Amino acid sequence: WYGIVNGRDSMGRQVVKYGKFVKQCKVEVYPLELKICLYPNESDFTIVSLSRSDTVHTLEKFIREVFNIESTKRSRLYNRHKTYTYDLIKDMNLEAQHVGLFDGQCVLLEVQNEDGTWPRVIDQASSSLKRTHSRI
């Protein structure tokens, strides 16, 4: 049951620090599973697994690889809470566990248009996103 068996791949696990003020180290038995997608194809998603200790920057790099997006293109990352509720993830150095990502959540990558506009606009008053063009 436990241990290394001939002909089977081992399952690597990470030790993750949990807690903001009091840190506890625990073996991460179940990695974080997320749905990743590229705007505007939100229904065309891929399910990926990552450690809760991975940074948002690591997640963004992984999404760029999956969807073949050049590293030179500007992008923004959102986590989706409900069908039309998106939060812009601003601090790319935070760990996934500290951004509020949870199992099954959708993470959306938005790539800046060639003309410098964004496909989505952040409405600062309501924190909702609109499907119009803006120059930032």
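About the criteria used
- Counting of residues starts from 1 at the beginning of each chain's written sequence and follows it residue by residue.
- Residue-level local features of this predicted model are given only where pLDDT is at least 70; pairs of side-chain atoms are given and counted only at 80 or more, and the full residue set underlies all totals for whole chains, interfaces and linings.
- To get the side-chain values, all heavy atoms of the structure are used, and hydrogens and water are removed first.
- Secondary structure follows DSSP: runs of H or I at least 4 residues long count as helices, runs of E at least 2 residues long count as strands, and numbering of each begins at the N terminus.
- Note on exposure labels: buried denotes an accessible area under 20% of the residue type's maximum, exposed denotes more than 50%, and partly exposed covers the range between, all computed with a 1.4 Å probe on protein chains only.
- Whether two residues are in contact is decided by their heavy atoms: any pair within 4.5 Å suffices.
- In this description, strands pair whenever DSSP reports at least two bridges between them.
- In this analysis an axis means a line fitted to C-alpha atoms, helices contributing only their contacting stretch, and an angle means the value between N-to-C directions, from 0 to 180 degrees.
- We define a salt bridge as a side-chain nitrogen of Lys or Arg found within 4 Å of a carboxyl oxygen belonging to Asp or Glu.
- Residue types Ala, Val, Leu, Ile, Met, Phe, Trp, Tyr and Cys, when buried and joined through side-chain atoms within 4.5 Å, form a set referred to as a nonpolar core.

**Q** Would you mind showing me how to read the overall build of the protein here?
**A** Tallying secondary structure elements over the protein gives 2 helices and 11 strands in all. What you see in the protein, going N to C, is helices and strands ordered as β-β-β-β-α-β-β-α-β-β-β-β-β. Counting only residues that meet the buried cut, the protein has 33% of its 136 residues in that class. Pairs at least 24 apart in sequence give 50% of the contacts found in the protein among residues at least 6 apart.

**Q** What exactly am I supposed to notice about the sheet that holds strand β3 (residues 32-38) here?
**A** Sheet strands line up and pair through hydrogen bonds in the backbone, either parallel or antiparallel. Spatial ordering of the open sheet is given by β4-β3-β7-β5-β6, a layout of 5 strands whose pairing is mixed. Because the sheet does not close on itself, it has two edges, and the strands there are β4 (41-50) and β6 (85-88). Recorded for the sheet is a direction-independent mean angle of 35° between the axes of neighbouring strands. Strand direction decides the pairing type here: strand β5 (residues 75-82) and β6, joined by 4 bridges, are antiparallel. Residue pairing in the sheet places tyrosine 78 in a bridge with leucine 88 of β6.

**Q** Mind showing me how you'd approach the pairing of strand β7 (residues 106-111) here?
**A** Each regular strand carries side chains that alternate between the two faces of the sheet. Most of β7 is tucked away: 6 of the 6 residues are buried. With burial as the criterion, each face of β7 is covered, one bearing Cys106, Leu108 and Glu110 and the other bearing Val107, Leu109 and Val111. As paired elements, β3 and β7 share 4 bridges and run parallel to each other. Looking across to β7, one finds that leucine 38 is bridged to leucine 109. Here β5 runs beside β7; their pairing, made up of 6 bridges, is antiparallel. Each bridged residue has a counterpart across the sheet, and for arginine 80 the counterpart in β7 is cysteine 106.

**Q** Where do I start with the pattern of salt bridges in this structure?
**A** Pairs may arise between side chains of opposite charge once their charged atoms sit close together. For the coordinates displayed, the defined rule picks out 5 salt bridges. When the shortest N-O distance is used, the salt bridge between arginine 52 and aspartate 103 registers 3.4 Å. Taken together, the residues arginine 52 in the loop between β4 and α1 (56-66) and aspartate 103 in the loop between α2 (96-99) and β7 connect sequence positions 51 residues apart. Taking relative accessible area as the criterion, arginine 52 reaches 18% and is therefore assigned buried.

**Q** Explain the nonpolar core here, please?
**A** The tendency in soluble globular proteins is for nonpolar side chains to be buried as a group. Counting 18 residues, the largest nonpolar core has Leu34, Leu59, Ile63, Leu77 and Val107 as the members making the most contacts within it. Breaking this core down by element, the ones donating at least two residues are β3, β4, α1 and β7. Of all the elements, β3 adds the most residues to this core, at 4 residues. Within the second largest apolar cluster, 6 residues are counted, among which are Cys37, Tyr39, Tyr78 and Tyr86.

**Q** Mind showing me how you'd approach the environment of glutamate 70 here?
**A** Among the secondary structure elements, glutamate 70 is positioned in the loop between α1 and β5. For glutamate 70, a relative accessible area of 48% corresponds to the partly exposed category. In this structure the C-alpha to C-alpha distance between glutamate 70 and valine 111, which are 41 residues apart in sequence, comes to 9.8 Å.

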